[in-house]
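Descriptive analysis of the structure
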Amino acid sequence: MIHDVIVVGAGFAGLSAALALRDDGLDVLVLEARGRVGGRVETQANSLGERYDSGGQFLCEDMPHVMALAKRHGKTLVTTPIDGSFTLQPEMSEEDSRALWDANVAIRDRMNSIDPADPAVGDLSVWDWLQRQPDDADAKSAFCSTIEGLWCQPIDAVPVWYLIDNDRRITNEVSELQYFLAETMHALAEDLAADLGDRIRLSVPVHEVRHDESGVTLMTAEGLHQARRVVIAAPPVVANRIVFSPALPAKLARALNAWRSGTVIKMRLRYARAFWRDQGRNGMVLWRDVHGLFVCDTSREDAHPALVVFIGGPSALRLRALGDAALRAEVFTRIAAALGPQILEPLDVAMRDWIDDPWSGGGYSDIVADFSAHDAEALLRAGTAPIHFASSELSPSFPGYVEGAIVSGRAAAAAVLETFERPVGRDPLA
Ligand SMILES: Cc1cc2nc3c(=O)[nH]c(=O)nc-3n(C[C@H](O)[C@H](O)[C@H](O)COP(=O)(O)OP(=O)(O)OC[C@H]3O[C@@H](n4cnc5c(N)ncnc54)[C@H](O)[C@@H]3O)c2cc1C
């Protein structure tokens, strides 16, 4: 059987692409390497039997597509608790904390005011650029912690033009942590998958894409699948592991090779009570001396009191190298210094290490790490018929977020549709 389109990957990008193509009357098949859908959005069960989002979780009202999907599928928005004071570590007065936070934001605004195409920043990493700034060491350290936490990379590996271009597309004015879903973000991915029914095949990794003008043949362990078009809906670093026969055009191959995966570990600490609120704290903690370490409260209206811990960038690699017990000891000691010794008495500790994840890379998103690859994203978005690419990384809005994955998937579907002679699959006059 020759399908109209095969989508490789059932993350939000792949699911969104497949649904859009199906809605336009095309015959779509989704091949997913894992035994579940959702990609970087997944749930795990803790020792109390609760399912929680161990990958992508938060959304906000400035992200229209994921908000609309959550509403359409009857999901319950939980407001992330933020009442109370934010904690900066090492401890400083509230006034100094606020001043430091403002200085951190000012550095980011100054960076984003630079034209990413300005040749003066073409060769600079974020680290190089930061060294040339007049700010004091504490402000630079807070900035570094924020960037390494959000992009999950050492700042000397990130071209400053890339970060500016990427950050400018993250346009939320309310906090990106505004809401999470009581039913979990992963339940939303499962709803999308349910809409696709038996068009999704799980545990079918695609190893090779053979292509010519007439279409594609995808090689998998269970045999081959054929289609007129393919959408590779996987992050660029993972997509680059697929063999293309014949090889992709040199420019496109270079574009696919320009990316680097991040490193992140997400933990969820469950407590009997949200004790940090007794001291007027909102549970949110940012460290200046351990870059990329961040904690926030994900309790649900006093039910399931819990803190989520993110360790992003080089700190994730350093802590993981210590081994599980030492990693936990350091994280707990640090949070105890910030929020109190009760932190040492959790009901449950769950941890998801995304570093080396074989199917999604190790962070929230891949970044362009080739300083000269200014056109990598544009080339991948354009693809080369019959091969199209989608993934959150390629989105014109909210790259690196679930929102971006949905936008990218739908954009890839629109690009595929343009290549078909209309009407496809469906007779508009019927
Ligand atoms: C710990 C963590 C926390 C995050 N928190 C948030 C958050 O709070 N809010 C937010 O908006 N975003 C968050 N993100 C980012 C968000 O989850 C991702 O940007 C988004 O889910 C990416 O979707 P995608 O479809 O582009 O890629 P993916 O979700 O990675 O999907 C790609 C899919 O392709 C499959 N695949 C790959 N290769 C093959 C192959 N050869 N054959 C078949 N299948 C293949 C993979 O198994 C995967 O299912 C987080 C990410 C992580 C890791």
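Please read all numbers here as calculations on a predicted model, not as lab measurements. Residue indices begin from 1 for each chain and proceed along its sequence in written order. Local features in a predicted model are, by the rule used here, given only for residues with pLDDT of at least 70; side-chain atom pairs are given and counted only at 80 or more, and totals for whole chains, interfaces and linings are based on all residues. Based on all heavy atoms of the structure, the side-chain values leave hydrogens and waters out of the count.

What follows covers the domain arrangement of the chain. Per the annotation, domain bounds derive from an automatic or database assignment of domains. Taken domain by domain, the chain consists of domain 1 (2-77 + 180-257 + 371-419) and domain 2 (85-174 + 264-353). A straight line from the C-alpha centre of domain 1 to that of domain 2 covers 28 Å. The interface is formed by 31 residues belonging to domain 1 together with 34 residues belonging to domain 2. Note: buried area is the sum, over both parts, of the accessible area (probe 1.4 Å) each one loses when the two are combined. For the pair domain 1 and domain 2, the summed buried surface comes to about 2400 Å²; carbon and sulfur atoms form 57% of the total. For the domain 1 face of the interface with domain 2, the top three residues by lost area are Glu50, Tyr52 and Phe371, together amounting to 25%. For salt bridges, the criterion is a side-chain nitrogen of Lys or Arg within 4 Å of an Asp or Glu carboxyl oxygen. Viewed at the interface, domain 2 and domain 1 are joined by four salt bridges. Residue Glu50 pairs with Arg270 through a salt bridge whose shortest N-O separation is 2.7 Å. In what follows, a contact means two residues having at least one pair of non-hydrogen atoms within 4.5 Å.

Further remarks concern the state of the cysteines. Put plainly, a disulfide is one covalent bond tying together the sulfur atoms of two cysteines. By definition, disulfides here are pairs of cysteine sulfur atoms that lie within 2.5 Å. For the structure shown, the criterion picks out zero disulfides. As a non-bridged cysteine, Cys144 has Cys152 as the owner of its nearest cysteine sulfur, 13 Å distant. A relative accessible area of 1% means that Cys152 is categorised as buried. The rule is simple: take the accessible area with a 1.4 Å probe, protein chains only, and divide by the maximum for that residue type; under 20% is buried, over 50% is exposed, in between is partly exposed.

Another point: the site of the ligand. A single heavy atom is enough: if one lies within 4 Å of a molecule or strand, its residue is considered near that molecule or strand. Glu32, Arg40, Phe58, Ser360 and Ser392 are the nearest of the 39 residues found near the ligand. Under the rule applied, a polar contact is a pair of N or O atoms within 3.5 Å (in protein, one hydrogen donor and one hydrogen acceptor; residues adjacent in sequence only if both atoms are side-chain atoms). Glu32 is positioned with one of its side-chain polar atoms (N or O) 2.6 Å from an oxygen atom of the ligand. Ser360 places a side-chain nitrogen or oxygen 2.8 Å from an oxygen atom of the ligand. Put simply, DSSP marks the helices as runs of H or I at least four residues long and the strands as runs of E at least two long, and each gets a number from the N terminus on. Elements that contribute at least two residues to the shell around the ligand include exactly α1 (12-23) and α13 (402-419).

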